[in-house]
Amino acid sequence: CFFVFTAMTRFDGVSLEPLRLYPDVSDAYTYADDIHLATMLGLVHGNIDIKGSPFYPRAYMTRIQALKVALGAAELMDWREKFELVRDLGNEDALRNQKTPFSDVTGLREDSWWYPRYVNFALDTGIVDSAREFRPDEPITERAYNDMLQRTFKKAKSFHAETGV
């Protein structure tokens, strides 16, 4: 995960001593160590597609970001880079045209190519409820995130018990 992150980032100030992965996350930031650890574990990636690869540590976590972190932390889904999903799905058109039951989740936007995979898995496993909209880019509330985490870890516990993984 860390190798891929360092290869993909557009921040030319990446440093290991002291650890600095994002231009806007300094050592003085309260959660800097947590952000760096989550990055090395592949749970977060910041905004590597934006010049300078900022993390935006004071921004609200969106519903889709929260889902990605929850599923990754529970070891239910691994991150796939765009080129990996293109390979898995067959081509760029298949990536852009991924189907979901949510009217507001699409792979058509340049920055949302990864949304359908996470939302469909979460719906199939009961981590999110079926509804007309998922509202992926809205900030997640603490209550909604706690509910998502509870469902995710309940699913992870039964999955890992069944598979022995």
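Structure first, text after, so check above.
Residues numbered from 1 in each chain as written. Predicted model: local features only at pLDDT ≥ 70, side-chain atom pairs only at ≥ 80, totals over all residues. Heavy atoms only, no water.

**Re the overall build of the protein chain**
Rules: Labels follow the DSSP assignment, with helices taken as runs of H or I lasting at least four residues and strands as runs of E lasting at least two, numbered in each case from the N terminus. Every radius of gyration here is taken over C-alpha atoms, with the globule rule written as 2.2 Å times N^0.38, N being the number of residues. Contact definition: two residues touch when any of their heavy atoms are within 4.5 Å. Working definition of accessibility: Shrake-Rupley area with a 1.4 Å probe, residue cover restricted to the visible protein chains. The convention is simple: Lys and Arg are positive, Asp and Glu are negative, and His and the chain ends are not counted. The atoms used to mark charge sites are NZ of Lys, CZ of Arg, CG of Asp and CD of Glu.
For the protein chain, the helix and strand inventory stands at seven helices and two strands. For the protein chain, the N- to C-terminal ordering of α and β elements is α-β-β-α-α-α-α-α-α. At 16 Å, the protein chain has a C-alpha radius of gyration in line with the 15 Å of a compact globule built from 165 residues. In the protein chain, once contacts between residues fewer than 6 apart in sequence are set aside, the share between residues at least 24 apart is 61%. Taken as a whole, the protein chain presents about 10,000 Å² of accessible surface, with 53% of it coming from carbon and sulfur. Within the protein chain, one finds 20 positive and 25 negative side-chain charges whose respective centroids are separated by 4 Å.

**What about the side chain of threonine 100?**
Worth spelling out the cut-off: Burial here depends on accessible area, computed with a 1.4 Å probe over protein chains only, as a share of the maximum for the residue type. Under 20% is buried, over 50% is exposed, and the range in between is partly exposed. Side-chain atoms alone can form a polar contact between residues adjacent in sequence; in general such a contact is a pair of N or O atoms within 3.5 Å, and within protein one must be able to donate a hydrogen while the other accepts it.
For threonine 100, the location among the structural elements is in the loop between α5 (92-96) and α6 (115-124). Classification of threonine 100 as buried rests on a relative accessible area of 19%. Engagement of the side chain of threonine 100 in a polar contact is seen with the backbone oxygen of phenylalanine 102, the distance being 3.1 Å. At a separation of 3.3 Å, a polar atom in the side chain of threonine 100 contacts the main-chain carbonyl oxygen of valine 105. Residues within four places of threonine 100 in sequence aside, it is in contact with Val105, Pro116 and Asn120.

**Considerations on the nonpolar core**
Selection criterion: Joining through side-chain atoms within 4.5 Å is the link that ties buried Ala, Val, Leu, Ile, Met, Phe, Trp, Tyr and Cys residues into a set, and such a set is a nonpolar core.
If you look at the biggest cluster of nonpolar residues, it comprises 39 residues, and the most contacted ones within it are Tyr22, Ile64, Leu67, Tyr118, Ile127 and Phe134. Residue assignment for this core shows that the elements contributing at least two residues are α2 (32-40), α3 (63-73), α4 (82-89), α6 and α7 (142-163). Residues in contact with leucine 67, not counting those within four places in the same chain, are Tyr118, Val119, Ala122, Ile127, Val128, Phe134 and Met148.

**Thoughts on the packing of α3 against α6**
Packed helix pairs are specified by the crossing angle of their axes together with the interaxial distance, meaning the distance between the axes. Definition in use: Each axis is a line fitted through C-alpha atoms, taken for helices only over the stretch in contact, and angles between the N-to-C directions span 0 to 180 degrees. In what follows, roughly perpendicular refers to angles from 65 to 115 degrees, roughly parallel to angles under 35, roughly antiparallel to angles over 145, and oblique to any angle outside these ranges. Crossing chirality is assigned from the near helix's rotation relative to the far helix, an anticlockwise turn below a right angle marking it left-handed and a clockwise turn marking it right-handed. All amino acids are sorted into three groups, where Ala, Val, Leu, Ile, Met, Phe, Trp, Tyr, Cys and Pro are nonpolar, Asp, Glu, Lys and Arg are charged, and the leftover types, Gly among them, are polar.
Contact pair α3 / α6: the axes reach a minimum separation of 10 Å and the direction vectors enclose 65 degrees. By the criterion of interaxial angle, the relationship of α3 to α6 is roughly perpendicular. Between α3 and α6 the crossing geometry is left-handed. Residues Ile64, Leu67, Lys68 and Leu71 of α3 pack against Tyr115, Tyr118, Val119, Phe121 and Ala122 of α6. Class assignment of the residues belonging to the contact of α3 with α6 gives a composition of eight nonpolar, no polar and one charged.

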